[in-house]
Amino acid sequence: MNSRNILFIIVLLVSCLSQFASDIYAPSLSVISRQLHSTINQAQWSMAIYMLGVALSLLFYGPISEGFGRKWTLVTGLCIMFSGSIMAFFAPSIGVLILSRFIQGLGAGSCQGLVRAIFRDVFSGDELAKYGSYLMISIVFVVPVAPTLGAYLQHFFGWRSIFIFMSLYVLITIAVLIRFFKETSQHHHLERLKPGFIINSYAQILKSRIFIGITACSFLTYGAFFAWFTASPVLLIHNLKMTPVTYGWINFIGGGLAYGLSGLLNGRLVTKFGAANMMRFGWTLMLSAGLLMLLGYLFIGMRSWVIFVPAILFFIGSTFIYPNASAIAMTPFGKVAGYAAALYSFMQVAGAAFFGALVSYLPDTNQLPLAVAFILAPILCLLIYEGIVRSTNNQMRDAQ
């Protein structure tokens, strides 16, 4: 097996880890709220607080990896994540569980942010978008199984067993990184941790109008996507009395097909049509999904299929965004990829934390709040991105 294949497998293992931790116990929210004597909103908040921990930590992992490299920064973050997972297993109350999830997120931020930097160390441009799509295709067979696996673990062993599984997953990932991962950064040096270098690097990135716009779009896209995992367990399991196992399988089959189809299409078409057009197509599908869910609410009401069918369409659309947006944002910053990845990932995950927290406090008696999130996010993304394109074209004409 050549070095690129080994790198791809390691990146896949690391990428799935943070996603697994965010989604795996979604089917258990109702059980957790009962056993820890809390409200369902507090249980939902434990999901949003994880994403907040991820978002905040991203601002540190990027710069640290520029000084010490990607490998040992990742290992350090995973050790923090392991401690949070063990703490969650023993949590005696919802407050301790929320704190544990925050610590877990602080560690998982190393996975969320540095994967982009590692890919940017090796690839660039449309090639970066293409391999990002192939990573998405691979993730399709792993990440959608998280809620299903979590449902079965809860059913047979109780919800705490989910955190034992996550602890073992983290330990295996640490062992693989130490044994097989070869440092990809060619520019890391302790000089890059000096305040002057950090300030200059971030200033360089923040001057890019395209980078700022793309990160704002990522904030909205991923935020609306994460709103599904915060709201849907309450809508489908708590309100419509769907079993956690059925909920898990619906996510696995529907989400898996959606991710696989769009990931495959994007990988094949991005070099022909360009990353920008693929994103426009994705946002159009997301908007259509939101409108379909809204119409279902107005004319049919609360039905499982009325909620989930539009969600599949939303999953398909959103999968066209992630690899293309990341490629456009990251390509100009190869020499400061750690800093760029930190800022980009911070904005993306902050969107999940914001939308997750918002949804956890909105009324959860029907799908209307989720439909509104599905509609507003792509509309704002299209407005922001088209504004960037017009502004950039005007600047180029003025320069000529």
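Calculation rules
- Residues numbered from 1 in each chain as written.
- Predicted model: local features only at pLDDT ≥ 70, side-chain atom pairs only at ≥ 80, totals over all residues.
- Heavy atoms only, no water.
- Disulfide = S-S within 2.5 Å.
- Buried < 20%, exposed > 50% of the residue type's maximum accessible area, 1.4 Å probe, protein only.
- Helix = DSSP H or I, 4+ residues; strand = E, 2+ residues; numbered from the N terminus.
- Expected span 1.5 Å × (residues − 1).
- Patch = residues over 30% accessible without salt bridge, like charges linked within 9 Å, V, L, I, M, F, W, Y side chains within 5 Å.
- Areas by Shrake-Rupley, 256 points an atom, 1.4 Å probe, with all protein chains shown as cover.
- Salt bridge = Lys/Arg side-chain N within 4 Å of Asp/Glu carboxyl O.
- pLDDT = per-residue confidence, 0-100.
- Contact = heavy atoms within 4.5 Å.
- Phe/Tyr/Trp six-rings, centres within 6.5 Å; stacked < 30°, edge-to-face > 60°.

Q: Quick rundown of the state of the cysteines? Include the residues and the values.
A: Within this structure, the stated rule accounts for zero disulfides. Just so you know, Cys16 is unpaired, no disulfide at all, and the nearest cysteine sulfur is the one on Cys111, 10 Å from it. Left without a disulfide partner, Cys217 is nearest to the cysteine sulfur of Cys381, which lies 4.4 Å away. Residue class for Cys217 comes out buried when judged on its relative accessible area of 1%.

Q: Before we move on, could you go through helix 13 (residues 304-319) and cite the residues and values that matter?
A: Taking 1.5 Å per residue, 16 residues should reach 22 Å; helix 13 reaches 23 Å between its end C-alpha atoms and fits that length. Regarding helix 13, the residues found buried are Val306, Ile307, Phe308, Pro310, Ala311, Phe314, Phe315, Ile316, Gly317, Ser318 and Thr319.

Q: How would you summarise a nonpolar patch on the surface if you had to cite specific residues and measurements?
A: A cluster of nonpolar side chains, namely Leu292, Leu295, Leu298, Phe299, Ile300, Trp305 and Val309, defines an oily patch on the protein surface of about 750 Å² accessible area. For the nonpolar patch, the elements supplying multiple residues, two or more each, are helix 12 (275-299) and helix 13.

Q: So what's going on with the confidence of the model for the protein? Which residues, and what values?
A: Overall, the predicted model of the protein reaches an average pLDDT of 84, with 90% of residues at or above 70. Contacts for the low-pLDDT stretch residues 395-400, under 50 throughout, to residues beyond four places or in other chains number one contact.

Q: Describe the packing of aromatic side chains, listing the residues and the values that go with them.
A: Aromatic ring pairs are defined here through the distance separating the ring centres and the angle between the ring planes. Under the counting rule described, the total for this entry stands at 22 aromatic pairs. Between Phe281 and Phe320 the ring centres are 5.3 Å apart and the planes differ by 75 degrees, which places this aromatic pair in the edge-to-face class. Separated by 39 residues along the polypeptide, Phe281 in helix 12 and Phe320 in the loop between helix 13 and helix 14 (322-330) bring together distant segments of the chain. Exposure remark for Phe281: the relative accessible area of 40% places this residue in the partly exposed category. Residues Phe314 and Phe374 carry aromatic rings whose centres are separated by 3.9 Å and whose planes lie at 10 degrees to one another, so their mutual orientation is stacked. In this pair, Phe314 sits in helix 13 while Phe374 sits in helix 16 (residues 368-399), placing the two residues 60 residues apart along the sequence. Across the pair, exposure class does not vary: Phe314 and Phe374 are buried alike.

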